[in-house]
Amino acid sequence: NDTEDGRHSLAVSISEDEGQTYPLTRHIERSAPGTGRYHYPSVIQTRDGGLHATYSIFVRDEQGTEVKSIKHAAFNLDWIEAGD
């Protein structure tokens, strides 16, 4: 989560200096505060270089009821480097 307040945004970032800075960022999810929550991301890289993230997602349906699920996103370094 790349916000100071809330979990309504989820981004993947790449560091080229051992974690001192993260100049390359791409958002997987981004919602207005209070309309979505994204928790507990986990990322793996496959042998072919693909990246796979899973995370909990909490959103409100049309009736305003909060619904939670697990979501999967697949992407590669080129997608991250393209930025938002």
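Residues numbered from 1 in each chain as written. Predicted model: local features only at pLDDT ≥ 70, side-chain atom pairs only at ≥ 80, totals over all residues. Heavy atoms only, no water.

Considering the pattern of salt bridges
- Summed over all chains, the structure comprises three salt bridges.
- Ionic pairing is found between Lys 71 and Glu 29, a salt bridge with its closest N-O pair at 2.7 Å. A residue pair is termed long-range when its members are at least 10 positions apart, and Lys 71 in strand β5 (residues 66–75) and Glu 29 in strand β2 (residues 24–30) qualify at 42 residues.
- For Lys 71, a relative accessible area of 33% translates into the label partly exposed.
- What makes Glu 29 buried here is its relative accessible area of 13%.
- For Arg 37, the salt bridge identified is with Glu 66, shortest N-O distance 2.7 Å. Within this pair, whereas Arg 37 is found in strand β3 (residues 36–45), its partner Glu 66 is found in strand β5, the two being separated by 29 residues in sequence.
- Judged by its relative accessible area of 37%, Glu 66 is partly exposed. (Salt bridge = Lys/Arg side-chain N within 4 Å of Asp/Glu carboxyl O. Helix = DSSP H or I, 4+ residues; strand = E, 2+ residues; numbered from the N terminus. Buried < 20%, exposed > 50% of the residue type's maximum accessible area, 1.4 Å probe, protein only.)

Points about the environment of Asp 48
- Along the chain, the position of Asp 48 falls in the loop between β3 and β4 (51–60).
- Classification of Asp 48 as exposed rests on a relative accessible area of 69%.
- Between the alpha carbons of Asp 48 and Gln 63 there is a distance of 42 Å; along the sequence they are 15 residues apart.
- Within the local environment of Asp 48, its side chain forms a polar contact with the side chain of Thr 46, the two groups lying 2.4 Å apart.
- A polar contact of 3.0 Å, which involves the side chain of Asp 48, links it to the backbone nitrogen of Gly 50. (Polar contact = N/O pair within 3.5 Å; in protein donor to acceptor, adjacent residues only side chain to side chain.)

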